Amino acid sequence: MAIELENHIVRPVVKFSPSLWGDRFHSSSMDNQVGEAYAKEIEILKEQTRAKLLQTIASGSSEDVAQKLRFINLLERLGIAYHFEKEIDDQLRHIYTHPVHLNDLETVALQFRLMRQHGYNISTHIFSNFIDGNGKFRDTSDVKGLLSLYEASYVRIRSDDEVLEGVTAFAATRLRSANLKPNSTLQKLVTHALDQPFHTGLPRVEHRFFISVYQEEDESSRNNELLRFAKLDFNLLQMLHKQELSEVSRWWKDLDLATKLPYARDRAVECYFWALGVYFEPQYSKARVMLAKNISIVSIVDDTFDAYGTVEELEVYTDVIQRWDINEMNRLPNYMKISYKAILDLFDSDEKDLSKEGRSYAVQHGRERMKELVRCYFIEAKWFANEEGQKPTFAEYLRNAFVTSAYYLLSTISCYTLKSADEKVFDWLMKNPKILEAGVTICRLIDDIATFDGEKERGQVATGIECYMKEYGVSLEKAMEKFQELADLALKDLNEGLLQPTPVSAEVLLRIFNLTCIIFVTYQHNQDGYTCPEKVLKPHIIALLVDLVPL
C-alpha cells in the first residue's frame, strides 16, 4: 500500500542552490564547415608530429633521450598525446629497457613520472645523484628541477618511501620561496602545480590550462606547430563535447526532475563534466553520455535518502529497488515513483543499447551495484535518524561509506562501453580489487573532509569524521589530519595499481584513476564543489564547454 499523507510529514529542510546554467546547453549548433577545416589541418599536423616522435634515439645518447622525454611530455600536457598512444608507449618501453644516464634533476624526475604514469616500474635509484649521505635530497635553486621533482612525487608508491618520503613537502617549500619573475610562464606553472599537481588533475582541465600558458612562452623555446595542433584539436573536440552535453541536457529537461523533485540537486551539467573527466577522447562519446545520465540519477537517489525521505519511506524504496520490477511501483509514495521509474528506464535504455554489441552483461553488473548502493544508503539513513545519537564504529562506518560514495557503481558504469572490458573484467571489478579500493578510499575520505560542515548543519550525527573523533578521542583537527594521511596512502596504492603487469587493460585502470581525480578537483581546498559549483566547477565548465581556445 502506498504511504499516504505525504504532505503532512515533517522533512529535513535542505535548500540546495538551483542550477547555474538554465537552458544554456540545451541546443548546440555545430558548424560542420569549420569542423571539417579543423580536421583537415589536424591530419597534416598529426603526420608531422608522428614523424618527429618516431625519430630514432641515437644509441646511448642521453641528450636524445632527454629530448624525446620532453617531447612526449609536451604532447601530454597539450592534450594531443591520445593520437599517438602506441608510438609513445613504444618509445617509453625502449627508454625503459635501454637505460641511459641522465644527469639533470628536471629530466630525471620527468622520466620517473612519465614511466610510472605509463605503467613502467622505474626504480627510485635514478635519483641517487641528487641525494646526500643522510638520504635526503640536496638543496638546490634549480626551479625547473624542483617543479619536475614535485610533480614526480605524486606518482610514488609505498615502497618508494625510503627515498621519496617527504619529497613533496621539500620541493613545495623550495618552490614557494623561489624568486620567480611575476607573470612569467614558469611562475604560472609553479603556482598552478602547487594548487593542482598534474598527475591528480583532470586531463581536459590540465590541457586547457597548459595551452594558455604555453602560448606565452618565448618564440625561441615554443613549438608553434604543436601549439596550433593542440588548439585546433581542443576546439574540434569541444564541438563534440557540446553536442553530448546538449543531448544530456535535453534528456534531463524532458524528465523534468528539477521541477518534480525540488528537494534534489539540479546538477546535470556538473554530472556531464564528471563524465568528461573520466574520458575526453572522441571514441568515448557514447560512454560519456551514458555515464553523465547515470551520475545525474544517482545524485537524485542520494538526495532522496539524505535530504528528503523518512526512514519508513526509504525502507520501502530500498526494498522496491532490490526487486527491480515496475509492478512494485505502487507501493511507493508519489514522489518516489518518479525517481524509481527514471532509474528503471535508464538501465533499460542502457541495456538495449549495449545488447546490440552483445554487452548487456555490463548493465547486469551495474544493476547489482545500484542495488548495493541503495542498501547502504538505507543503513546510513537509519544511522542519521537515530534519536539516541548512537554512532557506528569507524570501521563499520567506512565499510558502508565506501559503497555510498557511489564509486563502485560509477567505476562499473564507466566501463560499460569499453572494448577491452569483457565479462571477466566486470567479474574482477565486482571483487573490489586493490586499485578500486584505493580509489574508493580517496573518494570517501576527501568527500568527508569537504562535506563535513554542510552535513553537520543538516544535523547528520554519523559523519565519518565524528565517528573517528568519538572512537579515538581526538580533536576535529586531528581527525581531519588522519583522513588526509589515509587518502595520501591510498594514492600510493592507486599508483601501484597502474604498474605492469596488470590484471586488466590500462584503458580500464585509467577510468578508475580518472574517476578518483574528479574527487581531487571537485573537492579541492576542502570545498564541496558539486553541491556548490559556483567557485570550484563553474570556471572549469566555462573553460571546457563554453569558451573556444583563441587560435
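Here the residue numbers are simple positions, counted from 1 along each chain's written sequence. Totals for whole chains, interfaces and linings use every residue, but because this is a predicted model, local features are given only for residues with pLDDT of at least 70 and side-chain atom pairs only at 80 or more, for both listing and counting. Here the side-chain values reflect all heavy atoms present in the structure, with hydrogen atoms and water set aside.

(A) Region of the structure containing the overall build of the protein chain. Elements are defined by DSSP. Helices are runs of H or I of four residues or more, strands are runs of E of two residues or more, and each kind is numbered from the N terminus. Counting secondary structure elements, the protein chain contains 24 helices and zero strands. At 24 Å, the protein chain has a C-alpha radius of gyration in line with the 24 Å of a compact globule built from 551 residues. Residue contacts are defined here by distance: any two heavy atoms, one from each residue, within 4.5 Å place the two residues in contact. In the protein chain, the share of contacts with a sequence separation of at least 24, taken over all contacts with a separation of at least 6, comes to 75%. Total accessible area computed for the protein chain in this model is approximately 24,100 Å², and 50% of it derives from carbon and sulfur atoms. Measuring between centres, the 65 positive side-chain charges of the protein chain sit 2 Å from its 82 negative side-chain charges. Restricting the calculation to C-alpha atoms gives the radius of gyration, and the globule rule supplies 2.2 Å times the number of residues raised to the power 0.38. Methods summary: accessible areas were calculated by the Shrake-Rupley approach with a probe of 1.4 Å, and residue burial reflects only the protein chains presented. Only four residue types enter the charge count, namely Lys and Arg as positive and Asp and Glu as negative; His and the chain termini do not. All charge positions are set by atom: Lys at NZ, Arg at CZ, Asp at CG, Glu at CD.

(B) Quick look at the side chain of Thr-124. With respect to the secondary-structure elements, Thr-124 resides in the loop between helix H4 (105-117) and helix H5 (143-152). With residues near it in sequence (within four places) discarded, Thr-124 still touches Phe-112, Asp-160, Val-163 and Leu-164.

(C) Molecular detail of the nonpolar core. Take the buried residues of types Ala, Val, Leu, Ile, Met, Phe, Trp, Tyr and Cys, join any two whose side-chain atoms come within 4.5 Å, and each joined set is a nonpolar core. Buried, partly exposed and exposed residues are distinguished by accessible area as a fraction of the type maximum, computed with a 1.4 Å probe on protein chains only: under 20%, between the cut-offs, and over 50%, respectively. In this structure, Leu-78, Phe-127, Phe-137 and Tyr-317 are the most contacted members of the largest nonpolar core, which totals 189 residues. Leave out the neighbours within four places in its chain, and Leu-78 touches His-207, Phe-210, Ile-211, Tyr-214, Leu-226, Leu-227 and Ala-230.

(D) Broad picture of the packing of helix H2 (residues 62-78) against H4. Angles shown run from 0 to 180 degrees and are taken between the N-to-C directions of axes, each axis being a line fitted to C-alpha atoms and, for helices, limited to the stretch in contact. Following both chains from N to C, one finds H2 and H4 inclined at 55 degrees, their axes separated by 10 Å at the closest point. Taken together, the axis directions place H2 and H4 in an arrangement best described as oblique. Judged by the twist between their axes, the crossing of H2 over H4 is left-handed. In this structure, H2 uses Ala-66, Leu-69, Arg-70, Ile-72, Asn-73, Glu-76 and Arg-77 to contact H4, whose residues at the interface are Thr-107, Leu-110, Gln-111, Arg-113, Leu-114 and Gln-117. Residue type decides the class: Asp, Glu, Lys and Arg count as charged, Ala, Val, Leu, Ile, Met, Phe, Trp, Tyr, Cys and Pro as nonpolar, and the leftover types, Gly among them, as polar. By residue class, the composition of the contact of H2 with H4 is five nonpolar, four polar and four charged. Angular relationships are summarised with four words: roughly parallel below 35 degrees, roughly antiparallel beyond 145, roughly perpendicular across 65 to 115, and oblique for the angles in between. Note on convention: the crossing is left-handed when the near helix lies turned anticlockwise from the far helix by less than a right angle, right-handed when the turn is clockwise.

(E) Quick look at the packing of helix H9 (residues 203-214) against helix H24 (residues 537-545). The geometry of H9 relative to H24 is characterised by a closest axis approach of 10 Å and an angle of 70 degrees between their N-to-C directions. On the basis of their axis angle, the class for H9 and H24 is roughly perpendicular. Residues Arg-204, Val-205 and Arg-208 of H9 form the contact with H24, whose own contacting residues are His-540, Ala-543 and Leu-544. Considering only residue class, the contact of H9 with H24 consists of three nonpolar, one polar and two charged.

(F) The arrangement of the side chain of Glu-76 in detail. Looking at where Glu-76 falls in the secondary structure, it is placed in helix H2. Engagement of the side chain of Glu-76 in a polar contact is seen with the side chain of His-118, the distance being 2.6 Å. Not counting chain neighbours up to four residues away, the residues in contact with Glu-76 comprise Ala-81, Ile-88, Leu-114, Gln-117, His-118, Phe-198 and His-207. As used in this structure description, the phrase polar contact means that two N or O atoms lie within 3.5 Å; if the pair is within protein, one of them must be able to donate a hydrogen and the other to accept it, and residues adjacent in sequence are counted only when both atoms belong to side chains.

(G) The packing of aromatic side chains, seen in detail. Two rings from Phe, Tyr or Trp (for Trp, the six-membered ring) form a pair when their centres are within 6.5 Å of each other. A pair whose planes differ by under 30 degrees is stacked, one over 60 is edge-to-face, and the rest are tilted. Per the stated rule, a full pass over the model turns up 23 aromatic pairs. Taken together, a centroid distance of 5.9 Å and an interplanar angle of 40 degrees make the contact between Trp-251 and Trp-252 tilted. Note on accessibility: Trp-251 and Trp-252 belong to one class, buried. An aromatic cluster is present here, built from Phe-112, Phe-127, Phe-137 and Phe-170 joined pairwise through their rings.

(H) Representation of unusual backbone geometry in the model. Omega for the peptide link from Gln-500 to Pro-501 comes to -5 degrees, which places this bond in the cis form. Summarising the element assignment, Pro-501 is placed in the loop between helix H22 (476-496) and helix H23 (506-522). If you check the backbone angles, Asp-256 has positive phi at about 60 degrees while not being a glycine. Note on placement: Asp-256 falls in the loop between helix H10 (224-255) and helix H11 (257-260). With a phi angle near 70 degrees, Ala-406 is a residue other than glycine that sits in the positive phi range. As for its placement among the helices and strands, Ala-406 is situated in the loop between helix H17 (394-404) and helix H18 (407-414).

(I) How the structure looks around the environment of Lys-434. On the secondary structure map, Lys-434 appears in helix H20 (residues 434-457). By relative accessible area, which is 52% here, Lys-434 ends up exposed. Separated by 63 residues in the primary sequence, Lys-434 and Gly-497 have C-alpha atoms spaced 7.2 Å apart. Those residues in contact with Lys-434 that sit more than four places away from it in its chain are Asp-493 and Glu-496.

(J) Geometry of the pattern of salt bridges. The salt bridge definition used is simple: a Lys or Arg side-chain nitrogen within 4 Å of an Asp or Glu carboxyl oxygen. Under the counting rule described, the total for this entry stands at 37 salt bridges. With a closest N to O distance of 2.7 Å, Asp-345 and Lys-341 form a salt bridge. Here the residue Asp-345 and the residue Lys-341 both occupy positions in helix H15 (residues 334-355), the gap between them amounting to four residues, near one helical turn. By relative accessible area, Asp-345 is classed as partly exposed at 37%. Across the pair Arg-369 and Glu-372 runs a salt bridge, and its minimum N-O distance is 3.2 Å. Taken together, the residues span about one helical turn, with Arg-369 and Glu-372 both in helix H16 (residues 360-384) at a distance of three residues. Each of the two residues, Arg-369 as well as Glu-372, counts as buried. Overlapping salt bridges bring together Lys-86, Asp-89, Asp-90 and Arg-93 as one network.

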